[in-house]
Amino acid sequence: MATSPTARRAPRARPATSRAKGRAPARPEWLARWWKVALLVALITLGLPLAHAMFGEIFALLGGAVLFGFLLGRWTAGL
């Protein structure tokens, strides 16, 4: 059976794709909160003694307070 030149072809079926393709999987809520706590503990246990050894007690205390206040303010800004 011959096809006429004006006949339209049926559109090709597109492969099914998921909407989340190419996106990273969403983190669980508890993980989004606890990585900040782990970072804060690491900064306190490693950063403060290092700053104390390099710059002295006053700089370590004031720098730690400023950094802690900044991080706490940034992390709780959306609450």
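Refer to the structure printed above.
Residues numbered from 1 in each chain as written. Predicted model: local features only at pLDDT ≥ 70, side-chain atom pairs only at ≥ 80, totals over all residues. Heavy atoms only, no water.

Caption draft 1: Looking closely at the overall build of the chain. Across its full length, the chain holds 2 helices and 0 strands. Residues counted as buried form 4% of the 79 residues belonging to the chain. Accessible surface for the chain amounts to roughly 7700 Å². Of this, 67% is attributable to carbon and sulfur atoms. (Helix = DSSP H or I, 4+ residues; strand = E, 2+ residues; numbered from the N terminus. Buried < 20%, exposed > 50% of the residue type's maximum accessible area, 1.4 Å probe, protein only. Areas by Shrake-Rupley, 256 points an atom, 1.4 Å probe, with all protein chains shown as cover.)

Caption draft 2: A look at the layout of surface pockets. Put simply, the largest pocket is a space of about 250 Å³. Among the secondary structure elements, those contributing two or more residues to the lining of the largest pocket are α1 (29-55) and α2 (57-75). Take the lining of the largest pocket: its biggest share by element is 5 residues, from α1. Taken together, the residues that form the lining of the largest pocket break down as 5 nonpolar, 2 polar and 3 charged. In this structure, the second largest pocket occupies an estimated 200 Å³ of space. Along the wall of the second largest pocket there are 13 residues; nearest its centre are Leu43, Leu48, Gly63, Gly64 and Leu67. Elements with a contribution of two residues or more to the lining of the second largest pocket: α1 and α2. Here the lining of the second largest pocket gets 7 residues from one element, more than from any other, and that element is α2. (1 Å grid on protein atoms, 1.4 Å probe; cavity = no way out; pocket = protein on both sides within 12 Å on 5 of 7 lines; lining within 4 Å. Points joined across faces, edges and corners; volume = space filled by probe spheres on them. Nonpolar A, V, L, I, M, F, W, Y, C, P; charged D, E, K, R; others polar.)

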